[in-house]
Structure formats: structure tokens, C-alpha cells
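Examining the three-dimensional arrangement
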Amino acid sequence: MAGRLRRLLPGLTPMSAGTLTIATRKTKLHRLFAYRFAMLAGPGALFILVALLLPLLSIVVFSFWRTQSYELFADWNLDNYRVMLSEAAYRVFFLRSLGMALAVTLACLVIAWPIAYFIAKHGGRYRLLLVLLLAAPFFTGVILRIAALQGLFGPIGIINMTLTELGIPPIQALMYTPLAAIIGLVYLYLPFMITAVYLSVINFNFELLEVAKINGARPWRAFIEITWPLNWIGTAIGLVVVFIPCLASAVTQRFLGGTQSASFGMSLAQQFGETGTWALGSAMGVALFFSSLVAILLIGRSINLKRSGFTGAINR
Amino acid sequence: MTATSTIAGPRRRLMASALVMGLVLAAVYVFLYAPIFYVIYTSFSADIVWPFPPRFSAQSYSDLFASSLYGTALANSVTLALGSAVISTVLAAAGAIGILRYRSRWRGLAMFLFLAPLFVAELLIGISTLAFNARVLGLPGNLFSAMAANAVPGTSFAFLIILAQLVRYDWNMDDAAMVFGAGPFRSFIEITLPTIWPSLLGAFLISFILAFNDLEISFYNLGAIPTLPSVAWGSLRFGLGPELFALATLVNGAVCLVFVVMYLLMRYRIVSFGYRGR
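Residues numbered from 1 in each chain as written. Chains lettered and ligands numbered in written order. Predicted model: local features only at pLDDT ≥ 70, side-chain atom pairs only at ≥ 80, totals over all residues. Heavy atoms only, no water.

Turning to the domain arrangement of chain A, a few remarks are in order. Residues and elements named next belong to chain A. Split into domains, chain A comes out as domain 1 (20-64) and domain 2 (80-302). Of note, the centres of domain 1 and domain 2, computed from C-alpha atoms alone, are 33 Å apart. At the interface, 6 residues of domain 1 touch 8 residues of domain 2. Taken together, the two surfaces of domain 1 and domain 2 that pack against each other cover about 550 Å², and 73% of this comes from carbon and sulfur. If you sort the residues of domain 1 by the area they bury against domain 2, Ile59, Phe62 and Ser63 come out on top, with a joint share of 68%. At the junction of domain 1 and domain 2, the tally comes to 0 salt bridges. The tally of links between domain 1 and domain 2 comes to 1 residue pair in polar contact (both at pLDDT 80 or more). Looking at side-chain class alone, the side of domain 1 that touches domain 2 contains 5 nonpolar, 1 polar and no charged residues. (Domains from an automatic or database assignment. Contact = heavy atoms within 4.5 Å. Buried area = accessible area lost by both parts, 1.4 Å probe. Salt bridge = Lys/Arg side-chain N within 4 Å of Asp/Glu carboxyl O. Polar contact = N/O pair within 3.5 Å; in protein donor to acceptor, adjacent residues only side chain to side chain. Nonpolar A, V, L, I, M, F, W, Y, C, P; charged D, E, K, R; others polar.)

Below is the structure:
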């Protein structure tokens, strides 16, 4: 940046020299660039602020209010949180959603890693095509893919109908059980995880493994000490982008999971739909938001940018 | 003899592990595509419950096209997705250029804002926008607020895609154009745009497809306006309709078509989509 300024206007004071930053006078060009930055990045930032952060703030406010016959009243109290914490049903829903999200995230991690690694290493010129083929189902939309899964697993789905035709009892475990919901969620979110890990492995320098081998490391040891930590940032992003929608998911459990997998998201959606208890729903939304925030912070803390091979390309 | 075996051993192990991983990859392809192919197959079949032996019919398609609800829903979905994708792409492109090109102390904050929606569940975006629009702004559900709400995660995805290409872009080219007297707008049109348009197109397509398929955000912000996902949701609730299978087939077909076009563009080297060859 400084170099470019210097090249453009040879007389300009450099903005930084080495690691030492020299405070410069506010030049005309400086102000012009600040203005352009604001004009370009400002609208998008403002849009997110208005369309994402203000609504989230508003449900934080509503969570301290009261709903009566579909109307919100602004008398501040902690009742919604008390109900949410004391009613066993909400606790069960929350723990179930949490457990399911953890199971799905782990399953996605275990399946995605070998696949992303294999494509990045052996995919050759077809790498992009192979990854796009894995990501393609993601563009069909959740509802239609759940319909497709029901066509496969459901009571009148192909698997169970085949078994019935052959005179074998259908697999109960696939019909409206938490297991079916977990398989459904893995089906829905696996493409996210594979893409995240793939994007990380594709930029990984495989020659480092040769160095490890020359220095006597076995393949497994080289993986643990080099491949895994250097690609941890991509993996962590994958964990977050799978865990968060799974924790909030409602539709999958509703159509694949049956009564045994009623989730926190389902119950939350119900507060805003059928029962109209928006204040309680807001409190549940806040709880959901904070649990995903905790997950992001926990995973984010484990990232060491320098160890991940981050060279600060963004701050050129 | 011993020399060859020590060389052949690791190589054989390597080939074996490549074979195993290849099989895992194949299994995942089957897992991901079996339901979709089953749906496509069943949509052409006369009997949806047990479509064997196959008896083909286009009944589900004629049902689909006869229903006016699906037509309205398609039109709404397309309008919603187009509006949302335009907002996302424009905001994300401007944001990515601003953040990469002009140093500012607000850069970190802007980056954080652009990426924040990725870490908020869609259900939360949906309900919080509903609560905000209905109680703070006093707006009933409408197409425009659904467009804006869908553009929130769309902007993040578009931003990531455009950023990925822009980090490799050489801004010196623009500086050169400006030294020769082009204004910032002219240098963008003549220098930047011809280089980065594939990523803009990719960002537009992804945000379009996301908004087109979205249920959780649109459901809370559209009021009673039907879209394809919400109609599909309704029909899934009352048992699988054959026309739902036909709809899934058509949507899959459209997605496939986009990928075929992308492949052809790559094949004939019109666009490289980031592949530089290795």
C-alpha cells in the first residue's frame, strides 16, 4: 500500500517503515482513500448491521417482555428465562439438539477428511469437478432433499419396501428415529464440511510431508504433526458451519426424526408459529444464539493463525 | 532383491490407501446421489409407492403443471431470489473491493460484519427479522423484507467467493489505468470487471440458489405469499405427493444444467473459475 502510494506520488511521506509505523499528516489522498473505503464497504456493513444485528438485538429485548394472547407487552421480567430453565421439556429439547449436533458434526468430520484429502491429493485436473459434484446436492434445497431421503428411508421408502417385498421386516431404526434424523442431517451438511476441509487442504504444501518422511516420520505421525495442525483452521471453519445449523435445525427432525427427536429449533419455531408466545420464543432464540456463540468461541480459541500457516495475505 | 522390496512395500501401501479412499469417495457419492436419483426415477413412474417393475408415466408432471399454486410459487421464488442475489452481489463486490484495496482502521470491523451472518443459524435470522419487522418497524410479511433477509447470508457467501478471487488480483493494473487518466469508475469497468466477472457470476448464482431454496428465512418474512420451498414443505407435511418428486427432478435438472454450462465454459477455456493448472 505504502509502496503504491510512493509510486503514485513520489513526494509522499511513507506510511510505515518496517515494523515502525510513522504517524503521517492527514494528506488529501489519505482522506480520499478513507472516503472510498467508506463508500465501498460502508453500504454492505450498514446492511448487515440493520438486517442482522438490529433484529438479533430486538429479540434480546423481547426476551425480557411478556406475551399475552398474541401481543407483546413491554413489562420487563425474567419469566421467559425462568420457564425455559425450569420446564423439563425445553431442557430435554436443548440437550437433544446439542447431542445431535455434536454427533452430526463428528460424523461429518470423520467422513469429510479422507475424502477432501483424497480429492486434493489424487484428483488431478478433475479436482474441481469432483468437489463440485459433492457440493451439487447442496443446491437442491433442504425440503426437496428431505423429500428425497423420505423416499429412501421412510415407511414406504425404497429400503423398507424392498425388505417387505422380500418378506423381511422393515428396519425400524430408519423410520422416524433420532438415528434417521442424524443420517438426514449428515446428508444435508456433509457438503459444507467437505468444501471447508478441501479448500484448506488444496492450499496445503504437500512437500512438507516429503520433508517429514525424509526426517524419518511415519505417515501417521506426519499427519498428526503436520497435515492436521496446518489444516486446522479449515477444519475448524467446517466444524462451525456444520454445528450451528444442526443445533438450530427443525425441519429435518420433524420429517425424519419422529416424536423421539423433537428439537429445540422445532419448539422455537412453534413459539413463533402455532402458540404465538413470541417473548418465550425470543428467549429461546437468545439461548440458541449464545450457545452457538460459545461453540464459535471454543472452536475459535483453538485456532492459532501462525500455526495454521496464515501469512497475513489479507494485510498486504 | 531386498532393495526392490523396500521400495515396492511403501508404494503398495500407498496404492492400497488410495484405493480405500477412492472407495470411500465412491460410497459418499452413492449416499449423496441415491435419494436424488430415486426421486428422479420415481417422478417418471406411474406408481410412486412401489415403482417396480417400472411403468412410466408423465402423470406427476402434468399434475405439477396443472396446479396453479406451483406456478405462482415458482414466480415468487424467482422474484425473491433475483432481488436477493442482486443485493448480495452488489454489496459483497463493493465490500470486497473496498476492504482489499483501501486500508482503513475500520477494515477489521467491516470484515467481521460481512462474515457474521455465516455464524448465525438461518432459523435465528428468520425469527429475529420477523420480530424486528413486525414489532419495531410495524411491517407485515412481504416480498421485499424476505428479499432483504435472504440477502443477509447471501452477502456473506458472495463476499467469500469474490474475496477468494480478489486476493490474487493485482491492483497495480488499476493504478496504472489511473496514472493514464482513467477515473476510479472507468478503471473498474475497463480493467477490474473483465478480470473478476467470473467470481461475480459465481457469487450471483450461489446467492440466487440459496435464496431460491430457502425455507427458514422466507417462511417467517413472506406472510402468506407461497414460494416453491414453502409449497413443498406443505405437501411434505401431508405425505409425499408425486408432483413434489416431479418438482425435485426439475430443480435438480436446473442445477445440473448450471454445472454443465460451467463445465463447458471451463472446457473451452472461456472461464477458468480459479483453476490455474498444476
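Back to the write-up after that little detour.
Taken residue by residue, the interface counts 95 residues in chain B and 89 residues in chain A. In total, chain B and chain A occlude about 8400 Å² of area from one another, counting both sides; carbon and sulfur atoms represent 78% of this. Linking chain B to chain A there are 0 salt bridges. Across the contact surface, chain B and chain A share 6 residue pairs in polar contact (both at pLDDT 80 or more). Here the side of chain B that touches chain A takes 15 residues from helix α1 (residues 2-43) of chain B, the largest share from any one element. Its residues assigned to classes, the side of chain B that touches chain A comprises 76 nonpolar, 10 polar and 9 charged. (Helix = DSSP H or I, 4+ residues; strand = E, 2+ residues; numbered from the N terminus.)

Residues and elements named next belong to chain B. When the UniProt feature table is mapped onto this chain numbering, "transmembrane region" (unreviewed entry) sits at residues 18-41, 78-100, 112-132, 144-167, 188-212 and 244-266. Annotation note: span residues 144-167, helix share 96%, strand share 0%, distance between end C-alpha atoms 33 Å. Secondary structure content for residues 188-212 is 100% helix and 0% strand, and the end C-alpha separation is 30 Å. (UniProt positions renumbered as here; feature names shortened; annotations may be inferred.)

Grouped together as the largest cluster of nonpolar side chains are 144 residues, with contacts concentrated most on Phe47, Leu52, Leu134, Val242 and Phe272 of chain A together with Leu247 of chain B. At 15 residues, helix α4 (residues 88-122) of chain A tops the list of elements feeding residues into this core. Filtering out sequence-adjacent residues up to four positions away, leucine 134 of chain A remains in contact with Ile115, Ile119, Pro191 and Ile194 of chain A together with Leu25, Val28, Tyr29 and Leu32 of chain B. Counting residues in hydrophobic clusters, the runner-up holds 24 residues, among them Ala93, Ile97, Met111 and Trp171 of chain B. (Core = buried A, V, L, I, M, F, W, Y, C linked by side-chain atoms within 4.5 Å. Buried < 20%, exposed > 50% of the residue type's maximum accessible area, 1.4 Å probe, protein only.)

A contiguous nonpolar surface patch, about 690 Å² in accessible area, is contributed by Tyr126, Leu129 and Leu133 of chain A together with Val260, Tyr263, Leu264 and Tyr268 of chain B. For the nonpolar patch, the elements supplying multiple residues, two or more each, are α5 (127-135) of chain A together with α11 (242-267) of chain B. A total of 3 residues in the nonpolar patch trace back to one element, the largest contributor, which is α11 of chain B. Tracing the chain through its elements places leucine 264 of chain B in helix α11. The exposure class of leucine 264 of chain B is partly exposed, given its relative accessible area of 41%. (Patch = residues over 30% accessible without salt bridge, like charges linked within 9 Å, V, L, I, M, F, W, Y side chains within 5 Å. Areas by Shrake-Rupley, 256 points an atom, 1.4 Å probe, with all protein chains shown as cover.)

As a further point, take the confidence of the model for chain A. Taken as a whole, chain A shows an average pLDDT of 80; of its residues, 87% reach a score of 70 or greater. Low confidence marks residues 5-18 of chain A, where pLDDT is under 50. Its contacts with residues over four positions away, or in another chain, come to 23 contacts. (pLDDT = per-residue confidence, 0-100.)

Scored by pLDDT, chain B has a mean of 81; 88% of the residues are at 70 or more. As a predicted assembly, this complex carries a pTM of 0.84 together with an ipTM value of 0.83.

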